[in-house]
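# Close look at the chain arrangement
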Amino acid sequence: MSSAVPGYPPGAVPAPHAEAAAAAKPDEEIRLYGHSDLFYWWPVWAVAFLMAGLTFLDGHLMAVVPQGTEVRQVQTAPGSEKTQEALVVPENKSVPPATATSPDAQPKLRVAATNAYGVVFAGVLILVIAITNLTLRGLASVIVIALLVIAGLTIALLGWWDKILMWLGGVDVRMNAGGYLAIGIPVLVMWLFATFIYDHYTYIIVARGQIRIRREIGDGEVAVDASGLVLEKKRDDLFRHWLLGLGSGDLHVKTGGPSNLDFNLHNVLFIGSKLDRVQNLIREKETSPQIAGA
């Protein structure tokens, strides 16, 4: 009498093979990187490139002239009634070279006719410096933002900005296109290096049952048990974490067990969604499959 050999439908995988495939699949790992405050400087290089482009499109050039130079109406030809504007330098003085590398005095430096570009760039630079060095969390940051918006709109509606600038000494902020690029390009290079290379040397890697931590650059990686791990998101600084950080946040980390590490991981990007994934991963418990025998 022949014994029947059990068959499997096409595409079906036997239970032992399924277990082997599941065992071969690597556990999920969630990486949390801490970032330096340089990450929040992206508006500086972004606005610098924007203002440089607008300055090129403006189509004006800057003439460097000695003090005492006057704009006068001169005749286009002797006896002609047509006149044009000309820069007349004082006697015994001359127009210096337009650039340090060329003796030619013809204007070459591109500059915008309006000072609005320079004012915007200076304002962004000052704002970023203040935000990355002053921390205001929770309700305090909301109150400060509201006061700044109300004050700015009130001054604009009353037309006081020009008077304030004149009171400050006739401030007229202008920069040529090369000046914007001289700031924007180095800041962009440093930002790229810090965000995608330097900052990736401080991290937390959370896996099922274990976390790996490197708190400082140059330190070794520490592996600790995930049981007793506490991850606490600090209250948001709306200026830093939402206005510039696009949803970043500071994380307080405390581990259990003999290691008992307690530290902060600053400026973690997309911290809200990552914390949800970490909590779900920690709650998961490995279960061994039960195989029913015949």
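Owing to the predicted nature of the structure, the values given are computational and were not obtained by experimental measurement.

### Some remarks on the UniProt feature "transmembrane region" (unreviewed entry) in the protein
- The positions that UniProt labels "transmembrane region" (unreviewed entry) are, in the present scheme, residues 38–57, 116–136, 143–161 and 181–206.
- The distance from the first to the last C-alpha atom of residues 38–57 is 30 Å, and the span holds 80% helix and 0% strand.
- With 62% helix and 15% strand, residues 181–206 has end C-alpha atoms that lie 41 Å from one another.

### Remarks on the sheet that holds strand 8 (residues 222–225)
- Here four strands make up an open sheet; going across it, the order is 1-6-7-8 and the pairing antiparallel. Sheet topology places strand 1 (30–33) and strand 8 at the edges, where each strand pairs with a single neighbour. The sheet shows a mean angle of 20° between the axes of neighbouring strands, direction not considered.
- Bridge analysis of strand 6 (residues 203–207) against strand 7 (residues 210–214) gives five bridges, and the strand direction is antiparallel. Counted as the bridge partner of Ile205 is Arg212 from strand 7.

### Description of a nonpolar patch on the surface
- Taken together, Leu192, Phe193, Phe196, Ile197, Tyr198, Tyr201 and Ile217 make up a surface patch of nonpolar side chains, about 700 Å² in accessible area.
- With respect to the element layout, Ile197 can be found in the loop between helix 6 (177–196) and strand 6.

### As for unusual backbone geometry
- The backbone of Asn267 shows a phi angle near 55°, a positive value even though the residue is not glycine.
- Tracing the sequence through the fold places Asn267 in strand 11 (residues 262–268).
- Owing to a relative accessible area of 2%, Asn267 belongs among the buried residues under this scheme.
- For Phe270, which is not glycine, the phi torsion reads 50° and is therefore positive.
- Relative to the elements of secondary structure, Phe270 occurs in the loop between strand 11 and helix 8 (271–283).

Conventions used here
Residues numbered from 1 in each chain as written. Predicted model: local features only at pLDDT ≥ 70, side-chain atom pairs only at ≥ 80, totals over all residues. Heavy atoms only, no water. UniProt positions renumbered as here; feature names shortened; annotations may be inferred. Helix = DSSP H or I, 4+ residues; strand = E, 2+ residues; numbered from the N terminus. Pairing = 2+ DSSP bridges. Axes fitted to C-alpha atoms, helices over the stretch in contact; angles between N-to-C directions. Patch = residues over 30% accessible without salt bridge, like charges linked within 9 Å, V, L, I, M, F, W, Y side chains within 5 Å. Areas by Shrake-Rupley, 256 points an atom, 1.4 Å probe, with all protein chains shown as cover. Salt bridge = Lys/Arg side-chain N within 4 Å of Asp/Glu carboxyl O. Buried < 20%, exposed > 50% of the residue type's maximum accessible area, 1.4 Å probe, protein only.

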